[in-house]
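# Summary of the model geometry
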Amino acid sequence: GIEGPRGERGPRGPTGPAGERGEPGRDGADGEGLRDDLAHICPVSWDHGQPLTEAQTRLRQLIVLFDKGVRAEDLSHRTVILEMEKSHTVRVPGLEYAEYEWREVREAIVPFTLRGGPRCRFPIDPDDIIRVDRGDLAHGVAIRPKHFEDIFAPGRAFRVRLLGDFIRDNEGISADLDNVAGRHPMGDSPWVGFSNRFPHRTGDGVPGGEFISWFFVDG
């Protein structure tokens, strides 16, 4: 004969007894933790947030020092970036205001090592700076404008950025370049116009991070 309609759903049955407890899983591996063996930025040739001094200007370049060798091939316009603050006036009906932005300034990026070995202290004799090739390790990098006075004119502000995620040491590990409050590689100096507060340096114990610092030219 013809199949009849489906009946209503019956009430839910009682819950069955709990199964036996399974075996405990294996402990996971210990985390890597914070590291102190990474490459860091130590002194730089300007004071963060301050005007360039006469001694700094005489260098005619901006210098960043590392406390451990990094791959010269990783130091380029893509990872070492100089920017200048630019402003323009915006006019709309009933309102006028200034807009500010950072614009990249393309100048020579020069990876180098130092005669006598790496150091984290200024002053540095320019004759001790030895340019290195792509396959070598660098202990510093210089930003060298062709026309220093034209670029670093009075009244201008500048920002320097280094992208630590893409700057590797000899083992291929990213440099630790995060700026951490109280550990900037900049500050008051016993040398006229230079920062030597090592062991103050970049880093939070984790590979990678972005170094950002700015300064201006009086005028």
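Residues numbered from 1 in each chain as written. Predicted model: local features only at pLDDT ≥ 70, side-chain atom pairs only at ≥ 80, totals over all residues. Heavy atoms only, no water.

## A look at the overall build of the protein
Keep this limit in mind: Each helix is a run of H or I in the DSSP string that is no shorter than four residues. Each strand is a run of E no shorter than two, and both are numbered from the N terminus. Relative accessibility thresholds used throughout: buried, under 20% of the residue-type maximum; exposed, over 50%; partly exposed, between the two (1.4 Å probe, protein chains only). By definition in these notes, contact holds between two residues if any of their heavy atoms fall within 4.5 Å.
Along its length, the protein carries two helices and nine strands. The helix and strand sequence of the protein, counted from the amino end, reads β-α-β-β-β-β-β-β-α-β-β. The buried share among the 219 residues of the protein stands at 41%. Long-range contacts, defined as pairs at least 24 residues apart, comprise 73% of the intrachain contacts of the protein with a sequence gap of at least 6.

## A few points about the sheet that holds strand β1 (residues 41–44)
Note the following rule: For two strands to pair, DSSP has to find at least two bridges joining them. Convention adopted: a line fitted to C-alpha atoms gives each axis, helices being fitted over their contacting stretch, and angles between N-to-C directions are expressed from 0 to 180 degrees.
On the basis of which strands lie adjacent, the open sheet formed by five strands has the order β1-β2-β7-β5-β6 and antiparallel pairing. Pairing within the sheet leaves two strands with one partner each, and these edge strands are β1 and β6 (129–131). This sheet shows a mean twist of 35° between the axes of neighbouring strands, independent of strand direction.

## Examining the nonpolar core
Going by this rule: Here the nonpolar core consists of buried residues drawn from Ala, Val, Leu, Ile, Met, Phe, Trp, Tyr and Cys, with membership extended through side-chain atoms lying within 4.5 Å.
W46, F152 and L162 are the most contacted members of the largest nonpolar core, which totals 32 residues. Contributing elements (two or more residues each) for this core: β1, β2 (62–71), β3 (80–92), β7 (137–144), α2 (148–151), β8 (157–163) and β9 (210–216). By residue number, the principal contributor to this core is β2, which donates four residues. If you look at the next biggest cluster of nonpolar residues, it comprises 12 residues, including C42, F112, C120 and A142.

## Side note on a nonpolar patch on the surface
Spelled out, the test is: For patch building, the residue pool is restricted to those with more than 30% relative accessible area and no salt bridge; the joining distance is 9 Å between like charges and 5 Å between nonpolar side chains (Val, Leu, Ile, Met, Phe, Trp, Tyr). All accessible areas in this document rest on Shrake-Rupley with a 1.4 Å probe, and a residue is counted as covered only by the protein chains that are shown. The salt bridge definition used is simple: a Lys or Arg side-chain nitrogen within 4 Å of an Asp or Glu carboxyl oxygen.
A cluster of nonpolar residues, V92, L95 and Y97, forms a patch on the protein surface that exposes about 250 Å² of accessible area. Along the chain, the position of Y97 falls in strand β4 (residues 95–104).

## Regarding the packing of aromatic side chains
Each aromatic ring pair is specified by the distance between its two centres and by the angle formed by the two planes. To keep things clear, this is the line we draw: Paired rings are identified among Phe, Tyr and Trp, the last through its six-membered ring, by centres lying within 6.5 Å, and are further divided according to the angle between planes into stacked (under 30 degrees), edge-to-face (over 60) and tilted (the rest).
This model, assessed by the stated rule, comprises five aromatic pairs. The interplanar angle of 20° and the centroid separation of 5.7 Å between the aromatic rings of F158 and F215 together place this pair among those described as stacked. Taken as a pair, F158 in strand β8 and F215 in strand β9 lie far apart in primary sequence, 57 residues in all. For the pair F158 and F215, a shared accessibility class is recorded, and that class is buried. Aromatic ring contacts, followed pair by pair, group W46, F148, F152, F158 and F215 into a single cluster.

## Here's the deal with the pattern of salt bridges
By the definition in use, this model includes 16 salt bridges. Taking the shortest distance from any N to any O, the salt bridge between R60 and E149 comes out at 2.4 Å. Of this pair, R60 sits in the loop between α1 (54–58) and β2 while E149 is found in helix α2, placing the two residues 89 residues apart along the sequence. Of the charged contacts in the structure, one is a salt bridge between E73 and R168, with a shortest N-O distance of 3.6 Å.

## Here we look at the sheet that holds β3
Taken in spatial order, the four strands line up as β4-β3-β8-β9 in an open sheet, and their pairing is antiparallel. Two strands close off the open sheet at either side, each with one partner strand: β4 and β9. Shown here is a sheet whose adjacent strand axes are inclined to one another by a mean of 25°, direction ignored.

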